[in-house]
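Remarks on the overall topology
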Amino acid sequence: MPMNAPTSTEDGLGRLKQMSARLAGLPPRVRALPKVAERFYTSPEWKDYRKRHRAWTVAQKGGCWCCVCGASGRLILDHRVERRDGGADFPPFDEADWYCTGCHNAKTAEARARRARARVKAGGG
């Protein structure tokens, strides 16, 4: 074998490097399903509660914005104690907060992870 000839390992690495560039351009085969709001959150009762809560928030704080980052765009009203964790469907106004989409997703993910850790700890897998 000549001194400058690539070894099989070097040849394999070259192929792998080329493959990653080709794979990056491929569309994913499975896409995440779009999030669908729980039926409760589309009910007329919840919509009325949100409307009254927004008016209360504006009266109390002079406006309505994300309680974490201060954004005032599209806001989501969220239970401090999630309904799945025993929170009331329609808590007192001071027990629900407004979140922007990003902060709400982060809070929801943390609550979901906390529930999963509790299930594992309890042996529920």
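Details of the structure are given in the entry above.
Presented here is an overview of the structure given in this document. Predicted, not measured: the structure shown is a model, and the values here were computed from it.

1. Observations regarding the environment of Gly63
- On the secondary structure map, Gly63 appears in the loop between α2 (44-61) and β1 (75-79).
- With residues up to four places along the chain from it excluded, the contact list for Gly63 reads Thr57 and Val58.

2. Overview of the packing of aromatic side chains
- Counted by the stated rule, this structure contains 9 aromatic pairs.
- Taken together, a centroid distance of 5.6 Å and an interplanar angle of 50° make the contact between Trp56 and Phe93 tilted. Taken together, the residues span a long stretch of sequence, with Trp56 in helix α2 and Phe93 in the loop between β1 and β2 (96-100) at a distance of 37 residues.
- Owing to a relative accessible area of 30%, Trp56 belongs among the partly exposed residues under this scheme.
- An aromatic cluster of at least three residues, connected via ring pairs, comprises Phe40, Tyr41, Trp46, Tyr49, Trp56, Phe90 and Phe93.

3. Notes on the nonpolar core
- Within the largest apolar cluster, 13 residues are counted, with the highest numbers of intra-cluster contacts made by Tyr49, Leu75 and Leu77.
- Elements that contribute at least two residues to this core include exactly α2, β1 and β2.
- Those residues in contact with Leu75 that lie beyond four places of it in its chain are Arg50, Arg54, Cys64, Trp65, Cys66, Trp98, Tyr99 and Cys100.

Quick notes on the rules
Residues numbered from 1 in each chain as written. Predicted model: local features only at pLDDT ≥ 70, side-chain atom pairs only at ≥ 80, totals over all residues. Heavy atoms only, no water. Helix = DSSP H or I, 4+ residues; strand = E, 2+ residues; numbered from the N terminus. Contact = heavy atoms within 4.5 Å. Phe/Tyr/Trp six-rings, centres within 6.5 Å; stacked < 30°, edge-to-face > 60°. Buried < 20%, exposed > 50% of the residue type's maximum accessible area, 1.4 Å probe, protein only. Core = buried A, V, L, I, M, F, W, Y, C linked by side-chain atoms within 4.5 Å.

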